[in-house]
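Per-entry structural report
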Amino acid sequence: MIHNGLMVKAEATVLIHYEGGALITPVYSNGTIVNSCSSASLIYEDDYTDEKHLFKVDSLQRVDFGGSAFHIVKGKEITGENNRRRAKRYYVNIPGTAYVNGFTPYNIVVHDVSLRGMAFLADGLAKYKVGDTVRLMFHKSKNSKRIDVVGSVARVFKISGHEAIGLSLSGFSADYINFVLEKKSEIEDGVSAATTISA
């Protein structure tokens, strides 16, 4: 950020969503708490998903609660073609069923999963368009509970010559989150190090 005409780097912890922004721990510059700044960008790293988000800060306002100082930060996330999907993806190769815009079910293969999106291989019968709503169901193993997700088609592309669909997720259960975290844990534990692919 620029403070008193100088470029300053500062670190803070995001506490909660607050008044259309985020309440963060106080920001200091050379030992002095910052009351305002004229220009700033914010890189936010989510400890839960390991995702990094870049924001242009529109306002940084000091607030005091019970004698303790905090800041409210508001801004807009900066996104682009290369950073739309930052969460790590995990290769799973699981059969499933997809409903496109609520119609006929189609057989698919879930190719990879992440906490922000997923990709699947289509059977070639259904026609997918960017923006289509897809409800997708699969079982992580033969006797496991069914996992449901809902998302919109973000892109249609090819994987090894097969039609693939990239979904941006808008609805999923705790079972899906746990499934992705299990895959993440497997990678970190070295159980199946070959199954991760770069985001």
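Please refer to the structure placed before this passage.
Scope of this entry: the structure provided in the associated data block. This one's a predicted model, so the numbers in the text were calculated from it and none came from an experiment.

Concerning the sheet that holds strand β4 (residues 21–24)
The five strands lie next to each other as β3-β4-β9-β8-β7, forming an open sheet whose pairing is antiparallel. Edge positions in the sheet fall to β3 (14–18) and β7 (40–45), since each has one partner strand and no second. Strand-to-strand, the axes of this sheet are offset by a mean angle of 45°, without reference to chain direction. The pairing of β3 with β4 spans four bridges and is antiparallel. Each residue of the ladder has a partner; that of Tyr-18, found in β4, is Gly-21.

Examining the pairing of strand β14 (residues 146–159)
Pairing of strand β13 (residues 133–139) with β14 involves seven bridges; the strand directions are antiparallel. When the sheet's bridge partners are listed, Phe-138 is paired in β14 with Ile-147. The loop that links β13 with its antiparallel partner β14 comprises six residues.

Here we look at the nonpolar core
Membership of the largest hydrophobic core comes to 27 residues, with the highest contact counts inside it found for Met-118 and Tyr-128. Among the secondary structure elements, those contributing two or more residues to this core are β10 (89–100), β11 (105–113), β12 (117–121), β13, β14, β15 (162–172) and α1 (174–188). Ranked by residues supplied to this core, first place goes to β10 with five residues. If we skip the residues at most four places from it in the chain, Tyr-128 touches Ala-98, Val-100, Tyr-106, Ile-108, Phe-120, Ala-122, Val-134, Val-153, Val-156, Glu-163 and Ile-165. Counting eight residues, the second-largest nonpolar core is a separate cluster that includes Ala-22, Val-34, Ala-40 and Val-73.

What to know about the pairing of β12
The buried fraction of β12 is high, at five of five residues. Judged by which residues are buried, β12 turns out to be covered on both faces: Gly-117, Ala-119 and Leu-121 on one side and Met-118 and Phe-120 on the other are all buried. Both β11 and β12 contribute to a ladder of four bridges, which runs antiparallel. Paired with Asp-112 across the strands is Ala-119, a residue of β12.

Regarding unusual backbone geometry
Even without a glycine there, the phi angle at Asn-93 is positive, about 55°. Looking at where Asn-93 falls in the secondary structure, it is placed in strand β10. Backbone geometry places Asn-101, a non-glycine residue, at a positive phi of 55°. Within the element layout of this structure, Asn-101 appears in the loop between β10 and β11.

Criteria and cut-off values
Residues numbered from 1 in each chain as written. Predicted model: local features only at pLDDT ≥ 70, side-chain atom pairs only at ≥ 80, totals over all residues. Heavy atoms only, no water. Pairing = 2+ DSSP bridges. Helix = DSSP H or I, 4+ residues; strand = E, 2+ residues; numbered from the N terminus. Axes fitted to C-alpha atoms, helices over the stretch in contact; angles between N-to-C directions. Core = buried A, V, L, I, M, F, W, Y, C linked by side-chain atoms within 4.5 Å. Buried < 20%, exposed > 50% of the residue type's maximum accessible area, 1.4 Å probe, protein only. Contact = heavy atoms within 4.5 Å.

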